[in-house]
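Residue-level structural notes
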Amino acid sequence: LVKMNSTESAAEKRKADEEEEREEPSKKPRQEEDGEEDDNAEQEGNGKKFQKRMVCVQMAYLGTNYSGLQKNPGQSTIEGELERALHDSKFISDLNFGHQKKVHWNRAARTDKGVHALGNVVGLKLLINPDVDMVEEVNKHLPSDIRVLDIKRVTKSFHAQQLANGRQYHYLIPTFVFESCEAPETSELIPEGKTENNKNFWEGCSSYTPTEEEIAKAKDFRVTDDVVERVSKLLSQYVGTHSFHNFTSGKKKGDADAKRYIVSFKVGERVIFDGYEYLELRVEGQSFLLHQIRKMIGLVVFTIRYKCDNKEKLSIVWSDKKVHIPLVPGVGLFLNKVLYRTYNKTNKHLQPLDFEDVKDKIEDFKTKMVHIVAMFPHSSLTQ
């Protein structure tokens, strides 16, 4: 039996093996890349022979110390650490190490620098060792801020990004940022190039050291129900299909790839941590552009804080004019989970690709993540 995790049954493994070995008569056998091992060939490892099989790796990580998820030469990344750990665990061979295409590496959501995840997914082919707990073995070789939650057998054609129905992101934001104040000259959403004052809303905040009085005031602040309702109303404007050209870079109105479908954007629970009150903002969409979520939230904070939530005034962000929108820090953003509703429905003979069986692991990791997010208020106190 393949000892990947304690929840997978022997019957599920046999069915996964059948799916992996099934021939497709209508298609020609795939030609192997130069130097790549045959998918069904037995591989040497510690004197034993193992089969290479398609799996999905469910993982959680703190993005603070990394330049994003995707492997990038010369940069410290989540995928770089994961690939190294899988190789050190003998689940990726020496010949394939460093060549992600050879193991059909793909990922569900490419998180940015500093962004965390409680439920991201990577799909790839691994050498399956039936004699070890693969999850435990990989985690031995990973830093503590990256954890593999589970390794599950999937269909041979599995692709983590293409088969995902959607992604859920959450953002923990300290509520004192919604405290209204007098609008400075830079508070207008002015089209790009019209003024030098239109800068990043949060620029300089990371290096600003708040006074004890400011910290005490921020800890005492509690958001009113009225403000929460206004936040909820502003978030709802994003639901549906829109052109988010002003919520990313390098896009203009009319670009097909600037259109994104948002399923829901809601205010979650209020929580108190280290004296600060937070709101958890929850968004679900099919896919997201670079910085899109952080700018959607940045615009909401901007409009509440400076009392400019006028519908006509805000309509400029949907126009063909290029507008600078505030970008909130990445430290509060985390990928909650990737959704595979259609895949699970179609492949009921395999373990479902959800995170129900690793809920306890996720809760433990979330506690660590909140400690990191708790550093957020000190970089968010504005003058």
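Each remark here, short or long, concerns the structure printed above.
Let me sum up the structure you'll find in this document. (Residues numbered from 1 in each chain as written. Predicted model: local features only at pLDDT ≥ 70, side-chain atom pairs only at ≥ 80, totals over all residues. Heavy atoms only, no water.)

The next subject is the overall build of the protein chain. Scanning the protein chain for helices and strands turns up 10 helices and 10 strands. Going through the 383 residues of the protein chain one by one, you find that 51% of them count as buried. When contacts within the protein chain are restricted to residue pairs at least 6 apart in sequence, long-range pairs at least 24 apart make up 77% of them. A total accessible area of about 18,800 Å² is found for the protein chain, and carbon and sulfur atoms account for 48% of it. (Helix = DSSP H or I, 4+ residues; strand = E, 2+ residues; numbered from the N terminus. Buried < 20%, exposed > 50% of the residue type's maximum accessible area, 1.4 Å probe, protein only. Contact = heavy atoms within 4.5 Å. Areas by Shrake-Rupley, 256 points an atom, 1.4 Å probe, with all protein chains shown as cover.)

What the second largest pocket holds in volume is close to 590 Å³. Residue lining of the second largest pocket: 25 residues in total, with Ala109, Arg110, Thr111, Asp112 and Phe288 positioned closest to the centre. Those elements that place two or more of their residues in the lining of the second largest pocket are strand S3 (106–107), strand S6 (166–174) and helix H6 (292–305). Of all the elements, H6 adds the most residues to the lining of the second largest pocket, at three residues. (1 Å grid on protein atoms, 1.4 Å probe; cavity = no way out; pocket = protein on both sides within 12 Å on 5 of 7 lines; lining within 4 Å. Points joined across faces, edges and corners; volume = space filled by probe spheres on them.)

In this section: the environment of serine 76. Inspection of the secondary structure puts serine 76 in the loop between strand S2 (48–61) and helix H2 (78–88). Judged by its relative accessible area of 36%, serine 76 is partly exposed. Considering only alpha carbons, one finds serine 76 and tyrosine 66, 10 residues apart in sequence, at a separation of 5.3 Å. When sequence neighbours within four positions are dropped, the list of residues in contact with serine 76 reads Asn65, Tyr66 and Ser67.

In summary, soluble globular proteins display a tendency toward joint burial of nonpolar side chains. Counting 95 residues, the largest nonpolar core has Leu124, Phe158, Phe178 and Tyr340 as its most contacted members. In this view, leucine 124 contacts Arg53, Met54, Val55, Val57, Leu86, Ile92, Val103, His104 and Trp105; residues no more than four positions away in its chain are not counted. (Core = buried A, V, L, I, M, F, W, Y, C linked by side-chain atoms within 4.5 Å.)

Turning our eyes to something else, we now look at the pattern of salt bridges. Overall, the coordinates contain 15 salt bridges when judged by the stated rule. Taking the shortest distance from any N to any O, the salt bridge between arginine 107 and glutamate 79 comes out at 2.8 Å. Of this pair, arginine 107 sits in strand S3 while glutamate 79 is found in helix H2, placing the two residues 28 residues apart along the sequence. As far as burial versus exposure is concerned, arginine 107 and glutamate 79 are alike and both buried. With a closest N to O distance of 2.8 Å, glutamate 280 and arginine 282 form a salt bridge. Look at arginine 282 and you get partly exposed, because its relative accessible area is 33%. Here the salt bridges share partners, and the residues they tie into one network are Glu81, Arg84 and Asp88. (Salt bridge = Lys/Arg side-chain N within 4 Å of Asp/Glu carboxyl O.)

With the rule as written, the count across this model stands at 12 aromatic pairs. Both rings, one in phenylalanine 176 and one in tyrosine 276, keep their centres 6.2 Å apart while their planes meet at 45°; by these two values the pair is tilted. Taken together, the residues span a long stretch of sequence, with phenylalanine 176 in the loop between S6 and helix H4 (212–220) and tyrosine 276 in strand S9 (residues 276–285) at a distance of 100 residues. Residues phenylalanine 302 and tyrosine 306 carry aromatic rings whose centres are separated by 5.6 Å and whose planes lie at 80° to one another, so their mutual orientation is edge-to-face. Exposure remark for tyrosine 306: the relative accessible area of 14% places this residue in the buried category. An aromatic cluster is present here, built from Tyr238, Phe244, Phe247, Phe265 and Trp318 joined pairwise through their rings. (Phe/Tyr/Trp six-rings, centres within 6.5 Å; stacked < 30°, edge-to-face > 60°.)

Helix-helix packing is described using two parameters, namely the angle between the two axes and the distance between the axes. Two elements in contact, helix H5 (residues 225–236) and H6, have axes whose closest approach is 10 Å; the angle formed by their N-to-C orientations is 135°. Relative to H6, H5 is oriented oblique. For the element pair H5 and H6, the recorded crossing hand is right-handed. Two secondary-structure elements touch here, H5 through Val227, Arg230, Val231, Leu234 and Leu235 and H6 through Val300, Thr303 and Ile304. Tallied by class, the residues present in the contact of H5 with H6 amount to six nonpolar, one polar and one charged. (Axes fitted to C-alpha atoms, helices over the stretch in contact; angles between N-to-C directions. Parallel < 35°, antiparallel > 145°, perpendicular 65-115°, else oblique. Left-handed = near helix turned anticlockwise from the far one by under 90°. Nonpolar A, V, L, I, M, F, W, Y, C, P; charged D, E, K, R; others polar.)

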